[in-house]
Structures are given as C-alpha cells and as structure tokens.
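Now for the letters of each chain:
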Amino acid sequence: MLAVGVSGWAQAQTPAIFKDADIALGEKLVAEHKCAACHATKVGGDGSAIYKPLGRINTAGFLRGMVEQCNTTLNLGLFPEEVNAVAAVINRDHYKFK
C-alpha cells in the first residue's frame with residue numbers, strides 16, 4: 001500500500017533525495033520563475049522537450065543538480081530546500097525516478 005502525503009503524491013514512489021520535498025512550494029516556484037517559458041526559448045514548443053528521461057539526466061541526483069545549475073546560472077537565489085522542491089516537482093511530472 002502506498003503512503004500518500006498531503007499533496008497526494010505517493011511517498012512510496014519518491015526517491016530518497018526528494019522524500020522531504022515541499023511539493024506545493026516547488027509548484028509555486030516553477031510557476032513564479034517561469035521555468036516552462038525559459039525552457040520553451042531553449043527547445044521550442046511548450047518547453048517540455050527539454051525533459052528527456054533517457055537522456056543525460058538519468059538519476060534523481062543528476063536532476064537535482066540540473067535544477068541547481070539553473071538556479072546558479074540564472075541567479076534565482078533559491079535555497080537548497082527550494083531547489084529540492086523544484087526538482088521533486090519536475091521528477092513527479094516528467095522523469096518519475098523512483
């Protein structure tokens with residue numbers, strides 16, 4: 001049986017690196033920083049083509065590192081727990097690492 005958190009995200013499917021991530025905060029930050037719009041300028045369309053589960057991002061740790069790279073490169077000023085929250089949302093919506 002899956003343990004479902006407040007956000008409805010199944011905890012049993014959460015990589016250990018994201019187990020304490022604040023999903024609601026991650027969703028808010030993704031919208032606030034217009035991540036999809038930035039990705040769309042890089043790859044076209046709606047920006048989702050940037051997510052390639054079998055590409056160079058092949059672990060939850062690499063995914064978190066890529067979000068940290070965006071944070072640093074774009075000078076977003078996100079704290080580590082915010083980076084983790086954003087990465088957890090991207091994992092939930094696109095990568096689905098377990």
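Residues numbered from 1 in each chain as written. Predicted model: local features only at pLDDT ≥ 70, side-chain atom pairs only at ≥ 80, totals over all residues. Heavy atoms only, no water.

1. A few points about the state of the cysteines
No. 1: Applying the stated criterion across every chain, the model contains 0 disulfides.
No. 2: Cysteine Cys-38 remains unbridged, with the sulfur of Cys-70 as its closest cysteine sulfur at 6.6 Å. (Disulfide = S-S within 2.5 Å.)

2. A few points about the side chain of Asn-84
No. 1: Assignment of secondary structure puts Asn-84 in helix H4 (residues 80–95).
No. 2: By relative accessible area, which is 13% here, Asn-84 ends up buried.
No. 3: Setting aside anything within four residues of it in sequence, one finds Asn-84 in contact with Ile-17, Phe-18, Ala-21 and Arg-64. (Helix = DSSP H or I, 4+ residues; strand = E, 2+ residues; numbered from the N terminus. Buried < 20%, exposed > 50% of the residue type's maximum accessible area, 1.4 Å probe, protein only. Contact = heavy atoms within 4.5 Å.)

3. Points about the nonpolar core
No. 1: By size, the foremost hydrophobic cluster in this structure holds 18 residues, and its most contacted members are Phe-18, Leu-63, Val-67, Ile-90, Tyr-95 and Phe-97.
No. 2: No other element matches the 7 residues that H4 contributes to this core.
No. 3: When sequence neighbours within four positions are dropped, the list of residues in contact with Leu-63 reads Phe-18, Ile-57, Ala-87, Ile-90, Asn-91, Tyr-95 and Phe-97. (Core = buried A, V, L, I, M, F, W, Y, C linked by side-chain atoms within 4.5 Å.)

4. Considerations on the pattern of salt bridges
No. 1: For the coordinates displayed, the defined rule picks out 4 salt bridges.
No. 2: Between Asp-20 and Lys-19 there is a salt bridge, and its shortest N-O distance comes to 3.2 Å.
No. 3: We classify Asp-20 as exposed; its relative accessible area is 64%.
No. 4: Taking relative accessible area as the criterion, Lys-19 reaches 52% and is therefore assigned exposed.
No. 5: The salt bridge involving Lys-28 is made with Glu-32; its shortest N-O contact spans 3.4 Å. Placement of the pair is Lys-28 and Glu-32 together in helix H1 (residues 23–32), with a separation of 4 residues, close to one helical turn. (Salt bridge = Lys/Arg side-chain N within 4 Å of Asp/Glu carboxyl O.)

5. A word on the packing of aromatic side chains
Working definition: an aromatic ring pair is given by the centre-to-centre distance plus the angle between the planes.
No. 1: Scanning the entire structure with this criterion turns up 2 aromatic pairs.
No. 2: With centroids separated by 5.9 Å and ring planes inclined at 90 degrees, the aromatic side chains of Tyr-51 and Tyr-95 adopt a geometry described as edge-to-face. With a gap of 44 residues between them, Tyr-51 in the loop between helix H2 (35–43) and helix H3 (60–73) and Tyr-95 in helix H4 connect regions that are remote in the sequence. Comparing Tyr-51 with Tyr-95, the two get one shared label, buried.
No. 3: Their ring planes at 15 degrees and their centres at 5.5 Å tell us that Tyr-95 and Phe-97 sit as a pair that is stacked.
No. 4: Accessibility expressed as a relative area gives 9% for Tyr-95, which makes it buried.
No. 5: Of the aromatic side chains, those joined through ring pairs into one cluster are Tyr-51, Tyr-95 and Phe-97. (Phe/Tyr/Trp six-rings, centres within 6.5 Å; stacked < 30°, edge-to-face > 60°.)

6. Observations concerning unusual backbone geometry
No. 1: Phi at Lys-34 takes a positive value of approximately 55 degrees, unusual for a residue other than glycine.
No. 2: Inspection of the secondary structure assignment puts Lys-34 in the loop between H1 and H2.
No. 3: By relative accessible area, which is 56% here, Lys-34 ends up exposed.
No. 4: We note that Lys-96 has phi near 65 degrees; this positive angle belongs to a residue other than glycine.
No. 5: Structurally, Lys-96 can be placed in the segment after H4.

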